[in-house]
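Chain residues, written in single-letter form:
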Amino acid sequence: MDPFDAGAGSILRQPKAVWATAGASVVAFMGIGLVDPILPSIAQGLDATAGQVSLLFTSYFLITAFAMLLTGFVSSRIGGRRTLLLGLALVVVFAALAGTSGSVGELVGFRAGWGLGNALFVSTALAVIVGAAAGGSAAAILLYESALGLGMACGPLLGALLGNASWRYPFFGTAFLMAVGVLCITAFLKEQPKPARRISVLDPLRALGHGGLASAAASAFFYNYTFFTVLAFTPFVLDMTPYKSGAVFFAWGVLLAVFSVLVAPRLQERFGSLKVLGGSLVLLAADVLALGYGDHTTAVVCTIASGAFIGVNNTVYTELALGVSDAPRPVASAGYNFVRWFAAAAAPYFAPKIEEWTDGHVPFVVAAVTAVLGAVVVVVRRKALTHEAGELEPKHATEDGVTVFAG
């Protein structure tokens, strides 16, 4: 059955609560790439270096990593609806404050608060969508993945459209859209059942004692370094106007969405998840090398093309993290995300530093090496990773708490 068909099992026939949560999810994921087209403008407006501005990603994802140990703890006690509203409220406040920043230090600090709010929201959104959706969990998960892809595609576009007038406007725009999300969830989403067992802060760390989950997290750590080198450092290499940079990353996001939702499942069905993941990581490494050593046109093409490999990787890693261990999915994915988001925090900081110490090519060499290292982990630990998520029923998907944030 086509999940987009208008019949009873379609993702298009959902309660208002599902659409409200999915719509807010789009905006939440938009916040990741929102600053991409305006990074050079922020640097110019606040008289900051590329390395300083890249800390917008570092502070955001460093807080997100630590928040993964807390979100399950919070949502298993106050419920999914209240966790969503708390996360959205924090994003509204800190996104608005980011727009008023008078220095790059203030902006980095406000992005950290934004990261905490976003972690609370996106870590709970899939569980809420699955719990409230019609047509089964498969349609709900596909709707969530579609929201993720749409948000990743539209974030740079919104950043470019609003940022062309002022780098401050995208932050105010995000605050406004998230405020609308607060109203929609307040009006349409009822409180979700709390899980039978409360989640402790240490449960995600204990879950990493499983060899398969630890292997998936280690591989994803290396992959995320590559991913966020592309996302956070490439805008300075392209050195384009906000409109042009936004168009590049919009096309990148469209490929990410299409390959994540439509292409990756078909490749997995034909070749198997681990072969697809290993091959995609190697191709991503080659693409990043070409991006770093090619001319400007090549860099643009390779930036856009990387979205295809990133989309495939996101989907496979999500399924591995959700199904490779016997731990409840909220707990397993919290531990997995705790590990991998440290790389998302590290890449934006180290890429400009490496450029300062060497030249503009070497950050991409490092990113290519980390992608290959991710593939090596998959190959070496393939036996531990053979219990793939695609073979399992989503038995824990409706539990409140942390779920995989596949951005």
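Here, the structure is the one placed above.
What you see is a predicted model, and the numbers here were worked out from it, not measured in a lab.

Draft legend 1. Focus on the overall build of the chain. Looking only at helices and strands, the chain features 14 helices and 0 strands. Counting helices and strands in the order they occur from the N terminus, the chain gives α-α-α-α-α-α-α-α-α-α-α-α-α-α. Per-residue burial for the chain yields a buried fraction of 58% across its 407 residues. Put simply, of all contacts in the chain between residues at least 6 apart along the chain, 87% involve residues at least 24 apart. By element, 67% of the accessible surface of the chain is carried by carbon and sulfur atoms, the whole surface being about 14900 Å².

Draft legend 2. Focus on the packing of aromatic side chains. Using the criterion set out here, one finds 18 aromatic pairs in the structure. Measuring from ring centre to ring centre gives 5.3 Å for F66 and F342, while their planes differ by 90 degrees; the resulting arrangement is edge-to-face. Here F66 is found in helix 3 (residues 50-78), whereas its partner F342 is found in helix 13 (residues 329-357), with 276 residues between them in sequence. The partly exposed category is assigned to F342, whose relative accessible area is 25%. Between F338 and F342 the ring centres are 5.1 Å apart and the planes differ by 85 degrees, which places this aromatic pair in the edge-to-face class.

Draft legend 3. Structural view of unusual backbone geometry. In this structure, D47 is a non-glycine residue whose phi angle is positive, near 50 degrees. By the element assignment, D47 lies in the loop between helix 2 (39-45) and helix 3. Note on D47: relative accessible area 73%, which makes it exposed. Its identity as a non-glycine residue notwithstanding, D239 has a phi of 50 degrees, on the positive side. Note on placement: D239 falls in the loop between helix 9 (211-238) and helix 10 (242-271).

Draft legend 4. Fine view of the environment of A24. Its location among the elements puts A24 in helix 1 (residues 16-33). Judged by its relative accessible area of 3%, A24 falls in the buried class. It is 8.3 Å that separates the C-alpha atoms of A24 and V180, two residues lying 156 residues apart in sequence.

Draft legend 5. Looking closely at helix 4 (residues 80-99). Its 20 residues give helix 4 an end-to-end C-alpha distance of 29 Å, which sits within 8% of 28 Å, the value for a rise of 1.5 Å per residue. Of the residues making up helix 4, those classed as buried are G80, R81, T83, L84, L85, G87, L88, L90, V91, A95, A98 and G99. Residues of helix 4 that are buried in the fold lie against helix 1, helix 3, helix 5 (104-132) and helix 7 (169-188).

Draft legend 6. Focus on the pattern of salt bridges. Tallied over the full model, the rule gives 1 salt bridge. We note a salt bridge from R206 to D203, for which the minimum N-O separation is 2.9 Å. Of this pair, R206 and D203 both sit in helix 8 (residues 203-207), separated by 3 residues, roughly a single helical turn.

Draft legend 7. Summary view of a nonpolar patch on the surface. On the surface, F250, V254, V258 and L262 cluster together into a nonpolar patch covering about 270 Å² of accessible area. Its place among the elements puts V254 in helix 10.

Draft legend 8. Seen up close, the packing of helix 1 against helix 5. It is the contact of helix 1 with helix 5, at a shortest axis distance of 9 Å, that shows an interaxial angle of 150 degrees. In the packing of helix 1 onto helix 5, the handedness of the crossing is left-handed. Counting all contacts with helix 1, which are made through V18, T21, A22, A24, S25, A28, F29, G31 and I32, the residues of helix 5 involved are R111, W114, N118, F121, V122, A125, V128, I129 and A132.

Draft legend 9. Up close: the side chain of T58. As for its position among the elements, T58 is in helix 3. The class of T58 is buried, set by a relative accessible area of 12%. Not counting residues up to four positions away in its chain, the partners in contact with T58 are A345, P348 and Y349.

Thresholds, definitions, all that
Residues numbered from 1 in each chain as written. Predicted model: local features only at pLDDT ≥ 70, side-chain atom pairs only at ≥ 80, totals over all residues. Heavy atoms only, no water. Helix = DSSP H or I, 4+ residues; strand = E, 2+ residues; numbered from the N terminus. Buried < 20%, exposed > 50% of the residue type's maximum accessible area, 1.4 Å probe, protein only. Contact = heavy atoms within 4.5 Å. Areas by Shrake-Rupley, 256 points an atom, 1.4 Å probe, with all protein chains shown as cover. Phe/Tyr/Trp six-rings, centres within 6.5 Å; stacked < 30°, edge-to-face > 60°. Expected span 1.5 Å × (residues − 1). Salt bridge = Lys/Arg side-chain N within 4 Å of Asp/Glu carboxyl O. Patch = residues over 30% accessible without salt bridge, like charges linked within 9 Å, V, L, I, M, F, W, Y side chains within 5 Å. Axes fitted to C-alpha atoms, helices over the stretch in contact; angles between N-to-C directions. Left-handed = near helix turned anticlockwise from the far one by under 90°.

On their own, these measurements won't tell you what the molecule is for.
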